[in-house]
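Chain residues, written in single-letter form:
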Amino acid sequence: MAPPKFYAHAISAGLVDLERLAYLVSNQCTVREPDCYAVLLALEHNIIDELSQGRVVQLGKIGNFQVGVRSDGKDLIEEVSPLSIRKAHLNFRPGKRLRNMLTTLNYKLISG
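Everything numeric here is computed off the predicted structure, so don't read it as measured data.

(A) Up close: the side chain of Ser26. Inspection of the secondary structure puts Ser26 in helix α1 (residues 18-26). A residue is classified by how much of its surface remains accessible, and Ser26, at 13% relative accessible area, is buried. Among the polar contacts listed, one links the side chain of Ser26 to the backbone oxygen of Tyr23, at a separation of 2.8 Å. When sequence neighbours within four positions are dropped, the list of residues in contact with Ser26 reads Val31, Arg32, Glu33 and Cys36.

Given below as C-alpha coordinates:
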(Lines give C-alpha, C1' and ligand atoms only; values in the text may rest on other atoms or scores of the structure.)
Protein backbone atom coordinates (compact mmCIF):
# COMPACT_ATOMS: atom_id res chain seq x y z
CA MET A 1 0.00 0.00 0.00
CA ALA A 2 1.29 3.46 -0.91
CA PRO A 3 2.02 5.93 1.89
CA PRO A 4 -0.63 8.63 2.39
CA LYS A 5 -0.16 11.96 0.60
CA PHE A 6 -0.97 15.44 1.78
CA TYR A 7 -2.62 18.08 -0.37
CA ALA A 8 -3.03 21.82 -0.14
CA HIS A 9 -6.59 23.11 0.26
CA ALA A 10 -8.07 26.58 -0.01
CA ILE A 11 -9.55 27.56 3.36
CA SER A 12 -12.27 30.19 3.56
CA ALA A 13 -11.43 33.24 5.64
CA GLY A 14 -15.09 34.16 6.10
CA LEU A 15 -18.20 35.05 4.19
CA VAL A 16 -19.20 38.28 2.46
CA ASP A 17 -22.93 38.62 1.78
CA LEU A 18 -24.94 41.07 -0.34
CA GLU A 19 -25.47 43.40 2.61
CA ARG A 20 -21.73 43.67 3.18
CA LEU A 21 -21.08 44.20 -0.52
CA ALA A 22 -23.74 46.94 -0.59
CA TYR A 23 -22.01 48.60 2.38
CA LEU A 24 -18.58 48.39 0.73
CA VAL A 25 -19.85 49.74 -2.60
CA SER A 26 -21.73 52.57 -0.91
CA ASN A 27 -18.48 53.69 0.76
CA GLN A 28 -16.74 53.86 -2.61
CA CYS A 29 -19.29 56.01 -4.42
CA THR A 30 -22.13 58.47 -3.86
CA VAL A 31 -24.88 55.84 -3.83
CA ARG A 32 -26.41 55.07 -0.45
CA GLU A 33 -26.18 51.59 1.08
CA PRO A 34 -29.92 50.70 0.80
CA ASP A 35 -29.83 51.67 -2.89
CA CYS A 36 -26.75 49.50 -3.49
CA TYR A 37 -28.45 46.59 -1.73
CA ALA A 38 -31.59 47.01 -3.84
CA VAL A 39 -29.52 47.01 -7.02
CA LEU A 40 -27.64 43.87 -5.97
CA LEU A 41 -30.92 42.08 -5.18
CA ALA A 42 -32.32 43.11 -8.57
CA LEU A 43 -29.11 41.89 -10.22
CA GLU A 44 -29.49 38.51 -8.52
CA HIS A 45 -33.12 38.25 -9.65
CA ASN A 46 -32.25 39.15 -13.25
CA ILE A 47 -29.27 36.79 -13.42
CA ILE A 48 -31.52 33.92 -12.35
CA ASP A 49 -34.19 34.94 -14.87
CA GLU A 50 -31.75 35.24 -17.78
CA LEU A 51 -29.96 31.97 -16.97
CA SER A 52 -33.31 30.16 -16.76
CA GLN A 53 -34.04 31.39 -20.30
CA GLY A 54 -30.83 29.79 -21.55
CA ARG A 55 -28.76 32.93 -21.87
CA VAL A 56 -25.12 33.43 -20.92
CA VAL A 57 -24.92 36.24 -18.36
CA GLN A 58 -21.88 38.42 -18.89
CA LEU A 59 -21.08 40.60 -15.89
CA GLY A 60 -18.63 42.91 -17.61
CA LYS A 61 -15.06 42.31 -16.53
CA ILE A 62 -16.16 40.02 -13.68
CA GLY A 63 -16.90 37.14 -16.03
CA ASN A 64 -19.65 34.99 -17.51
CA PHE A 65 -22.20 32.64 -15.98
CA GLN A 66 -23.86 29.86 -17.96
CA VAL A 67 -26.01 26.86 -17.09
CA GLY A 68 -24.42 23.49 -17.81
CA VAL A 69 -25.80 19.98 -17.46
CA ARG A 70 -24.53 16.48 -16.85
CA SER A 71 -26.42 13.78 -18.70
CA ASP A 72 -26.46 10.09 -19.40
CA GLY A 73 -24.94 9.07 -22.75
CA LYS A 74 -27.30 7.53 -25.28
CA ASP A 75 -26.54 5.36 -28.31
CA LEU A 76 -28.98 7.20 -30.59
CA ILE A 77 -29.76 10.91 -30.85
CA GLU A 78 -33.47 10.05 -30.71
CA GLU A 79 -32.92 8.66 -27.20
CA VAL A 80 -31.63 11.99 -25.87
CA SER A 81 -34.32 13.90 -23.98
CA PRO A 82 -34.69 16.09 -20.89
CA LEU A 83 -34.96 12.81 -18.94
CA SER A 84 -31.31 12.15 -19.87
CA ILE A 85 -30.19 15.08 -17.70
CA ARG A 86 -28.87 13.99 -14.32
CA LYS A 87 -27.86 17.34 -12.88
CA ALA A 88 -27.67 21.04 -13.77
CA HIS A 89 -24.85 23.29 -12.56
CA LEU A 90 -23.44 26.76 -13.14
CA ASN A 91 -20.31 27.37 -15.16
CA PHE A 92 -18.38 30.52 -14.33
CA ARG A 93 -15.66 31.82 -16.58
CA PRO A 94 -13.84 34.61 -14.76
CA GLY A 95 -12.71 37.75 -16.51
CA LYS A 96 -9.05 38.63 -16.95
CA ARG A 97 -8.62 40.52 -13.64
CA LEU A 98 -10.12 37.64 -11.62
CA ARG A 99 -7.95 35.09 -13.46
CA ASN A 100 -4.89 37.25 -12.78
CA MET A 101 -5.80 37.49 -9.08
CA LEU A 102 -5.47 33.70 -8.87
CA THR A 103 -1.86 33.89 -10.05
CA THR A 104 -0.86 36.51 -7.48
CA LEU A 105 -2.31 34.98 -4.31
CA ASN A 106 -0.06 34.67 -1.27
CA TYR A 107 -0.26 31.30 0.45
CA LYS A 108 0.40 30.34 4.06
CA LEU A 109 0.46 27.07 5.92
CA ILE A 110 -2.24 26.47 8.49
CA SER A 111 -1.77 23.23 10.41
CA GLY A 112 -4.89 21.34 11.25
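(B) Helix α2 (residues 33-52), seen in detail. Along its 20 residues, α2 runs 29 Å from first to last C-alpha, staying within 8% of the 28 Å computed at 1.5 Å per residue. Cys36, Leu40, Ile47 and Leu51 are the residues of α2 that are buried. End-on view of α2: buried residues confined to an arc of 40 degrees, all on one side of the axis. Turned more than 90 degrees away from the buried face of α2, the exposed residues are Pro34, His45 and Ser52. Buried residues belonging to α2 abut α1, β1 (57-58), β2 (63-71) and β3 (85-94). Of the residues one or two after α2, Gly54 is the one with positive phi, at around 85 degrees.

(C) Spotlight on the sheet that holds β3. Pairing in this open sheet of 3 strands is antiparallel, and the strands run β1-β2-β3 from one edge to the other. Bordering the open sheet on either side are β1 and β3, each of which pairs with just one other strand. Judged from the 9 bridges that link them, β2 and β3 form a sheet pairing that is antiparallel. Each bridged residue has a counterpart across the sheet, and for Asn64 the counterpart in β3 is Arg93.

About the criteria used
Residues numbered from 1 in each chain as written. Predicted model: local features only at pLDDT ≥ 70, side-chain atom pairs only at ≥ 80, totals over all residues. Heavy atoms only, no water. Helix = DSSP H or I, 4+ residues; strand = E, 2+ residues; numbered from the N terminus. Buried < 20%, exposed > 50% of the residue type's maximum accessible area, 1.4 Å probe, protein only. Polar contact = N/O pair within 3.5 Å; in protein donor to acceptor, adjacent residues only side chain to side chain. Contact = heavy atoms within 4.5 Å. Expected span 1.5 Å × (residues − 1). Arc of directions from axis to C-beta. Pairing = 2+ DSSP bridges.

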